Amino acid sequence: MANTKYDYDVIVIGSGPGGYSTALRAAQLGLSVGLAERDDQPGGTCLNRGCIPTKALIHAARTMYHAQRAERFGIMMSVDGIDFGRLQDYKDSTVRTMTEGLSGLLRARKVEMLRGEARVLTDGPATGETVSDGHTVAIRDPETGAERSFTARHIVVATGSRPRPLPGISFSQSVIDSDTALRLNGFPRSVIVIGSGAVALEFASLWAMAGSQVTLLARKGSVLSQWNRRIGTTLTRELKRIGVNVVTHASVTGIDTGANLGATVHYRRGEADKARNESADESAAAEIVLVAIGRNPNTDEDWFDAVGIDRNNHHYVVTDELGRTSVPGIWAVGDITGGYELAHRAFEQGIVVAEAIAGLNPQPVLERTIPRIVFSTPEAAAVGLTRDEAESCGDYDDVKETIYPMLGNARTLMAAENGSICLVSARRHGSDSPRIVVGVHMVGPEVSELSGEAEQIVGNETPLSEAARLIHPHPTFSEALGETLLKADGRPLHTR
């Protein structure tokens with residue numbers, strides 16, 4: 001239970017997946033917890049402005065997209081249009097259900113919500129008493145501006161991140177970020193998406209399926225350029241198939257905006273004129289421009305410096321493998337710690353930090369087994385290492401790559417979609433250990449649902465021969481992963 005010297009054992013700043021998982025697990029372990037949140041509802045970007053609302057819209061747009069193409073299955077139907085008000089109600093009700101459920105969980109665990117903007121103070125509590133081994137957090141009331149102070153032995157910082165603008169180009173009515181994109185009153189007639197990561201591809205897919213004219217500007221030769229090369233190439237092709245105009249090797253040089261909606265993006269293509277080693281100036285115009293080139297950590301408040309929390313050159317908080325910062329008693333989780341900016345990574349970090357604070361001996365988050373998912377159409381998912389990464393890291397010998405075309409899978413054929421799976425296997429360096437799977441990279445329908453199995457195989461270092469003997473039910477998309485495992489094990493049945 002709480003030490004009477006402090007108001008709480010733990011104060012968590014930020015209630016996104018990293019913050020709320022810390023709070024729930026710490027409370028479960030008998031610690032008293034205060035959870036500071038500046039928004040009206042808990043859940044952070046993920047529940048309120050990211051994962052949940054975007055996937056709700058993608059689900060709706062995908063339903064319409066398939067309905068418009070139902071004739072290929074012999075179903076004669078038509079789509080009369082979109083009632084955007086009802087669509088927004090559906091999205092908002094989904095978010096509301098999730099945030100209300102989270103609020104109920106927090107109340108049930110007796111986690112106290114501290115509403116307002118939080119900052120860690122450098123001195124003791126408001127009474128002037130010095131807390132030698134604890135910390136003080138000031139919470140500013142959003143309505144009155146008044147501050148209240150609370151003490152805790154441990155502080156967990158989970159302040160998240162925000163969309164990154166293009167250098168020298170501010171967000172505006174026509175040049176928007178992903179938060180603003182979710183607040184639009186309708187689907188744009190035309191849109192330019194700058195970026196080729198998860199956020200860019202999900203919005204590009206969403207809008208293309210809803211009937212918008214979508215141009216996507218990618219800096220490299222394919223989307224997801226840091227992923228497995230085959231996955232990026234395949235997804236680029238499939239995005240074009242649903243109507244996204246993917247422009248590769250494009251570097252934005254400027255954006256012109258009008259008085260009202262409308263913008264023109266100027267860019268250069270790095271491979272436009274190889275003979276003269278020059279790139280041609282090009283432009284594209286649309287109703288709006290979505291900039292989705294990454295996110296910046298929310299670590300620029302003055303108190304980070306005042307308290308002495310170390311950050312790297314990219315402003316991410318430096319932590320050890322369990323989440324401890326440079327300041328004793330202060331921990332950090334989520335997007336502010338660098339690495340994969342994913343809700344499920346932050347969620348697991350929160351559990352680890354809570355257990356470490358409670359005196360347990362948790363295992364650190366294993367970064368290389370964190371699933372990366374893109375809910376585009378088709379979806380993309382990856383766990384573990386690519387072939388190049390496995391060969392260069394020095395931990396493995398005899399690295400092999402096994403490719404399985406998703407069209408060999410009955411469910412994929414039924415869905416009239418396409419994709420592929422790339423499985424990377426190897427042996428531990430300098431040992432006679434069995435071959436294991438070190439990476440699984442997928443693009444295709446519903447591959448997000450296969451990522452959990454892929455993580456289990458990679459994370460547990462399951463011998464390939466054992467993973468390949470596990471039965472995958474028929475007919476399912478998961479059979480594609482089973483067939484890939486069989487092929488990697490030298491026993492291909494439905495492919496050569």
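Residues numbered from 1 in each chain as written. Predicted model: local features only at pLDDT ≥ 70, side-chain atom pairs only at ≥ 80, totals over all residues. Heavy atoms only, no water.

Asks: I would appreciate a short explanation of the packing of helix H3 (residues 51-68) against helix H6 (residues 198-209) in the present structure.
Replies: A packed helix pair is summarised by two numbers, namely the angle formed by the two axes and the spacing between the axes. Closest axis-to-axis distance for the H3/H6 pair is 8 Å, and the angle between their directions is 40°. Considered as vectors, H3 and H6 are oriented oblique to each other. Crossing hand, H3 versus H6: left-handed. Where H3 approaches H6, its residues Thr 54, Lys 55, Leu 57, Ile 58, Ala 61, Arg 62, Met 64, Tyr 65 and Gln 68 are matched on the opposing element by Glu 202, Phe 203, Leu 206 and Met 209. Its residues assigned to classes, the contact of H3 with H6 comprises 8 nonpolar, 2 polar and 3 charged. (Axes fitted to C-alpha atoms, helices over the stretch in contact; angles between N-to-C directions. Helix = DSSP H or I, 4+ residues; strand = E, 2+ residues; numbered from the N terminus. Parallel < 35°, antiparallel > 145°, perpendicular 65-115°, else oblique. Left-handed = near helix turned anticlockwise from the far one by under 90°. Contact = heavy atoms within 4.5 Å. Nonpolar A, V, L, I, M, F, W, Y, C, P; charged D, E, K, R; others polar.)

Asks: Looking at this structure, how should I read the pairing of strand E10 (residues 213-217)?
Replies: Remember that side chains alternate between the two faces of the sheet whenever the strand is regular. Of all 5 residues making up E10, 4 are buried, and the element is well covered by its neighbours. Bridge count for strand E9 (residues 190-194) against E10 is 5 bridges, and the pairing is parallel. The residue bridging Val 191 from the neighbouring strand is Val 214, located in E10. Between the parallel elements E9 and E10, the chain passes through H6 in a crossover that is right-handed. Note: E10 against strand E11 (residues 244-247), 4 bridges, orientation parallel. If you follow Leu 216 over to E11, its bridge partner there is Val 246. (Buried < 20%, exposed > 50% of the residue type's maximum accessible area, 1.4 Å probe, protein only. Pairing = 2+ DSSP bridges. Right-handed = clockwise from strand over helix to strand, strands pointing away.)

Asks: So what exactly am I meant to see when it comes to the nonpolar core here?
Replies: Proteins that are soluble and globular tend to have nonpolar side chains buried together. By size, the foremost hydrophobic cluster in this structure holds 39 residues, and its most contacted members are Val 193, Trp 207, Leu 216 and Val 244. If you tally residues by element for this core, the top one is H6, at 8 residues. Ignoring anything within four residues of it in the chain, the contact list for Val 244 reads Ala 204, Ala 208, Val 214, Leu 216 and Leu 239. Within the second largest apolar cluster, 28 residues are counted, among which are Tyr 20, Cys 46, Trp 331 and Val 353. (Core = buried A, V, L, I, M, F, W, Y, C linked by side-chain atoms within 4.5 Å.)

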